[in-house]
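Per-entry structural report
One letter stands for each residue in the lines below.
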Amino acid sequence: MKSPLRASLLALAVSSSGFAANPAAPATAPAVAAAPTAAPAAAAGIDFVRDVQPILETKCLECHNPSKIKGKLLMDSAAALLKGGDTGPALVAGQPDKSEMIKRIVLPKDHDDIMPPKGGPLAANEIDVLKRWIAAGAQWPQNLTLQYKTPEQRQALAELQKKLPTLKNLQILPDKYSLETKRDFHRVVVLATFQDATTKDVTGVCDLKIADPKIAALDGLTLKPVADAGSTEIVASIGGQTVKAPVEVKNGTKDRAISFRLDCMPVFMRGGCNQGGCHGAARGKDGFRTSLFGMDPAGDYIRITREMPGRRINLAIPEESSLIEKAVGAVPHSGNQCFEPDSVYNKALLEWISAGAPDDPADVAKVTGIEVFPSQIVMEGKNATQQITVRATYSDGTDRDVTNLALFMSNNDPTATIDKSGLVTSGDRGAAFMLARFNVYSVTAQVLVIPAQLQYERPKLAETNYIDTLVDENLHKLRILPSGICTDEEFVRRAFIDIAGVYPEAKEMRAFLADKNPNKRAALVDSLLERKEFTELWVMKWAELLQIRSSINNNQPPFYKNALLYYNWLSERIGKNVPINEIVQELLSSTGGTVSNPAVNFYQTELDQLKLTENVAQVFMGMRIQCAQCHNHPFDRWTMDDYYGFKAFFSQIGRKPTDDPAEVIIYNSKGGESRHFLTQAVMKPKFLGGDTPEMKAGEDRRKVLAEWMASPQNPFFARNIANIIWSHFNGVGVVEPVDDVRVSNPPSNPALIAALAEHLTEYKYDMRKFVRDVCTSQTYQRSTKVNETNAGDKRNFSHAQVRRVRAEVLLDAISQITETPNKFQGLPLGARAVQIADGAVSNYFLTTFGRAKRESVCSCEVKMEPTLSQALHLMNGDAVNDRIKQGRVVAKMIQEKKGDREIVEDLFLRVFGRMPIDKEWTNVQQAIAEDPGARQSVLEDLFWALLNSKEFYFNH
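Definitions and limits used
Residues numbered from 1 in each chain as written. Predicted model: local features only at pLDDT ≥ 70, side-chain atom pairs only at ≥ 80, totals over all residues. Heavy atoms only, no water. Helix = DSSP H or I, 4+ residues; strand = E, 2+ residues; numbered from the N terminus. Expected span 1.5 Å × (residues − 1). Buried < 20%, exposed > 50% of the residue type's maximum accessible area, 1.4 Å probe, protein only. Contact = heavy atoms within 4.5 Å. Polar contact = N/O pair within 3.5 Å; in protein donor to acceptor, adjacent residues only side chain to side chain. Disulfide = S-S within 2.5 Å. Phe/Tyr/Trp six-rings, centres within 6.5 Å; stacked < 30°, edge-to-face > 60°. Pairing = 2+ DSSP bridges. Axes fitted to C-alpha atoms, helices over the stretch in contact; angles between N-to-C directions. Parallel < 35°, antiparallel > 145°, perpendicular 65-115°, else oblique. Nonpolar A, V, L, I, M, F, W, Y, C, P; charged D, E, K, R; others polar. Core = buried A, V, L, I, M, F, W, Y, C linked by side-chain atoms within 4.5 Å. Salt bridge = Lys/Arg side-chain N within 4 Å of Asp/Glu carboxyl O.

Looking now at helix α18 (residues 609-621). Between its terminal C-alpha atoms α18 stretches 17 Å, which fits the 18 Å expected from 13 residues at 1.5 Å a residue. Those residues of α18 that sit buried are Leu612, Thr613, Glu614, Asn615, Val616, Ala617, Gln618, Val619, Phe620 and Met621. Against the buried residues of α18 lie α15 (532-545), α17 (580-588), α19 (640-647), β26 (653-657), α20 (701-709) and α21 (717-730). Looking at where α18 begins, the residue whose side-chain oxygen comes 2.8 Å from the main-chain nitrogen of Leu610 is Asp608. Note on α18: the residue one or two positions beyond its end, Gly622, has a positive phi of about 70 degrees.

So this is what it looks like as structure tokens:
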């Protein structure tokens, strides 16, 4: 049977465009609003849904809806109209002239009582429709309740009318339904996808019906069981398309018992009762403590039912339980009112207390996961809306709509917000992810927002490889036009700094610019990948992640000797292009002495098993699991069971000294367990996000972990390594920060990060081959210059990022350009800062420009933000001015009889990697001409100015 509500909303959407074939009244006989007259409505040519409903919803309900009842008159139903308001019934069926609503709408436009009071009088044809409807008997479809349409909603309906001819696909979400008990229900969402890839929530305006209303029924937009058992379908139609979804009903007339874990615990989470700022705090609040985020339901049950008996819960008078009175605001509550007295949340708690506040049986079903619908949305314009629903699955095979129990948040509110009910509202152009959390599970839905009525034509872009294909596809979805390709000068400088960590020399720049080979950029990348500086750069980056330094807090090895051996071991491995996965496996499974086998120093940089566990997850999987040490992670999948199961891999690390005070032996002690923080239960080793491996007694757990960590069975390792490399070359990760991978911080381009990980694995972790993909892509070669569409884009790689050069590379560049060698502790004169093995070795310049101290594994240790102190040090310190004098670069060129133009060009190429523009050259000429005797001084001042320019210490 066609739902009257669905049909009526459909009619409103199409009343002026006629895109529906026949938006007629329901096939069943409509209910008569008042005593029937002799002439039926059809005889008068009036169709309520098509003709009357749009007038009432757009012109009358603004003042006469449940939230605003002017004159005590409601106009959303037949019963409300018959009841009337202050002046009695609003209509008399069959007698328009005696109906109060007609009397009001025909008053002079300046009369105080004219209806509607806003927007001017009704049009003559609208008045005629209402008169003829009443004269014909004022028939009203059965069970139909009208809803006020705001101007924004009317505008949205008008826009839908225009787009419907381009409807590409229609979906009912979820695509199948299972109703298992009398109280089971599911919110229905109908999603339309159009030819331009945009989507719209058309649930409220499509023709939505149940094939067999004896099996299930729609209550508004919510599906509920009718029969005890049976199968039917839910059918949605709009724009000439029809889609169906199966509905299965089991035990539809039988109720299940109220459950503390299934019904009450989710209420506490939704109400914020067990959050850290409330009763979930370590000491609780106002004398009442629960477990944080409900991680201990058994303990919470004891605290609620056994503490303060007869007060916290009152079995005799449930409504007077303090648990209830405080939650609904009936008595003072420092947490304010959590929910309304007539809400489903309060009803659930009252039902549980009324049932005797029972505990659940031991075999109560547990949540096994959640899904969000729809998972991908493309919204057009500001203030568009889309309802999201969440479905949970349980260990007994059932599922449940938990939309009204889930917690929602957006990771990008300017682009899209989400309210407590799961309603998404679009904002500015961009991408956002909506996080839904229920129980210990979190999932996201991707939302893309593009401007409304955007004049856009997909550009034809050159694509070098899979990277460009996936980046360009994402930009197309966002309707962002990428920047053009950078100049040869920009590319050479960018590639030298990113790949080799050095600035190009003037002769290298000239040679590249003169090269006519159309593939010279790829050739340059290949040559840079073979330079030893490429190895040194990545040894430095991995030395940061592995915290290679001599001074550590525990005053245990590694000392300087150990740090140097450790660094040399890493340098040798990377220099030989040993795959990263093999290096990691060697590190994690390493056994022996810190001197004889330097890789074991990995286990000496952090002796605390908890911190070691966290470091391994963060460095090799990009995950910060610290939160799960004391409670289940509030914004990710990790539970305390996951944390302590992963820690179990490191619980049997043994250490013993040797005759050499600098050496410690790391070995498998075959004893020691990881105990759960809360329950003190012994936890079996469990892969993070994976299985619990079968292990023999005494087997080295670290070797089992190492084998899994860098294997295809671990979905996080390759993604993490690929993201770290990608971030280095593009200034921002696909996941950013790179070491904060979590459900609530998803990748900006999921398809891209998946492809990067897949290719890195396919290449057997050959870094050079992978880096070649990145640096030869059109994406990497884009200009930093932005256009109107991509000026605000920072995460979708539509243009290159302007990035400050990291401290070590910048200091080496100053040394190289000014021809003044550096000297660092433990290294010969002329060594590069990139080559410093020990994280404890530094100087004022490196510290000022943010070199990592290697005291933690956090990517945030490397500071890339420009600061005032950095600028002052370049201008006033010895970093530039003294080196210009010491290196005598200008003086040497003058001695070599080079002309002014040649010297200026050399300086520009050294510092900026480009030739001077006419204005720059003219200014230098004028300065020299004004005082020819100060030629060297003028040129050295130019050299100083170039080295203090932003163009020098930024990569662009």
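Below, the discussion takes up the state of the cysteines. Disulfides are covalent bonds that connect the sulfur atoms of two cysteines. Tallied over the entire structure, the rule returns 1 disulfide. Bridging Cys858 to Cys860, the disulfide has an S-S length of 2.4 Å. Of note, the bridge from Cys858 to Cys860 carries an S-S torsion of about 130 degrees and is right-handed in sense. A disulfide-free cysteine, Cys63 has its sulfur positioned 9.0 Å from the sulfur of Cys60, the nearest such atom. Owing to a relative accessible area of 7%, Cys63 belongs among the buried residues under this scheme. Counting only cysteine sulfurs, Cys273 is the nearest neighbor of Cys278, a cysteine outside any disulfide, at a range of 6.2 Å. Taking the relative accessible area as the measure of exposure, Cys278 reaches 13% and is therefore buried.

What follows is about the packing of aromatic side chains. All chains considered together, the criterion is met by 26 aromatic pairs. Relative to Trp569, the ring of Tyr566 lies with its centre 6.4 Å away and its plane at 35 degrees, an arrangement referred to as tilted. Within this pair, Tyr566 and its partner Trp569 are both found in helix α16 (residues 560-575), separated by 3 residues, close to a single helical turn. With relative accessibility at 1%, the residue Tyr566 sits in the buried group. Here Trp569 falls in the buried class, since its relative accessible area comes to 7%. One aromatic cluster in this structure is built from Phe646, Phe649, Phe650, Phe687 and Trp708.

Pairing in this open sheet of 3 strands is antiparallel, and the strands run β17-β22-β21 from one edge to the other. The open sheet terminates on both sides in strands that have one partner only, identified here as β17 (385-387) and β21 (416-418). With strand direction ignored, the average angle separating the axes of adjacent strands in the sheet is 20 degrees. Bridge count for β21 against strand β22 (residues 423-426) is 3 bridges, and the pairing is antiparallel. Note on β22: the bridge partner recorded for Thr417 is Thr425.

At a minimum axis separation of 8 Å, α21 and helix α22 (residues 750-762) run at an interaxial angle of 105 degrees. What the angle tells us is that α21 and α22 run roughly perpendicular. Where α21 abuts α22, its residues Ala718, Arg719, Ile721, Ala722, Asn723 and Trp726 lie against Leu752, Ile753, Leu756, Ala757, Leu760 and Thr761. Looking at the contact of α21 with α22 residue by residue, the class counts come to 9 nonpolar, 2 polar and 1 charged.

Counting 152 residues, the largest nonpolar core has Trp542, Leu570, Phe602, Phe620, Phe646, Met709 and Phe952 as the members making the most contacts within it. In contact with Trp542, other than residues within four places in its own chain, are Leu570, Ile574, Ile580, Val619, Phe620 and Ile721. Among the nonpolar cores identified, the runner-up in size contains 50 residues, and Met265, Ile304, Leu323 and Ile370 belong to it.

Where charged atoms of side chains with opposite charge meet at close range, the side chains can pair. A full pass over the atoms with the stated rule returns 53 salt bridges. In this structure, the salt-bridge partner of Arg510 is Glu905, at a minimum N-O distance of 3.6 Å. Taken as a pair, Arg510 in helix α13 (residues 506-514) and Glu905 in helix α29 (residues 900-911) lie far apart in primary sequence, 395 residues in all. What makes Arg510 partly exposed here is its relative accessible area of 35%. Judged by its relative accessible area of 15%, Glu905 is buried. Among the salt bridges present, the one from Asp526 reaches Arg772, with a minimum N-O distance of 2.5 Å. With Asp526 in helix α14 (residues 520-529) and Arg772 in helix α23 (residues 767-776), the pair connects residues that are 246 residues apart, well separated along the chain. Asp526 gets classed as partly exposed once you look at its relative accessible area, which sits at 30%. Several salt bridges converge on common partners, so that one network encompasses Lys532, Glu536, Asp812 and Arg832.

On to the side chain of Asn346. Here Asn346 shows up in helix α10 (residues 344-354). Among residues more than four places away in sequence, those in contact with Asn346 are Ile324, Val328, Phe339, Glu340 and Pro341.

Within an α-helix, residues lying three or four positions from one another point in the same direction, as the helix has 3.6 residues per turn. The end-to-end C-alpha distance of helix α11 (residues 466-478) is 19 Å, a good match for the 18 Å that 13 residues give at a rise of 1.5 Å each. Every buried residue of α11 is accounted for by Tyr466, Ile467, Asp468, Val471, Asp472, Asn474, Leu475, His476 and Leu478. Sitting at the amino-terminal end of α11 is Asn465, which places a side-chain oxygen 3.1 Å from the backbone nitrogen of Ile467. Arg479, located one to two residues past α11, shows a positive phi value of around 60 degrees.

Honestly, that's just the spatial picture; any functional story needs more than this.
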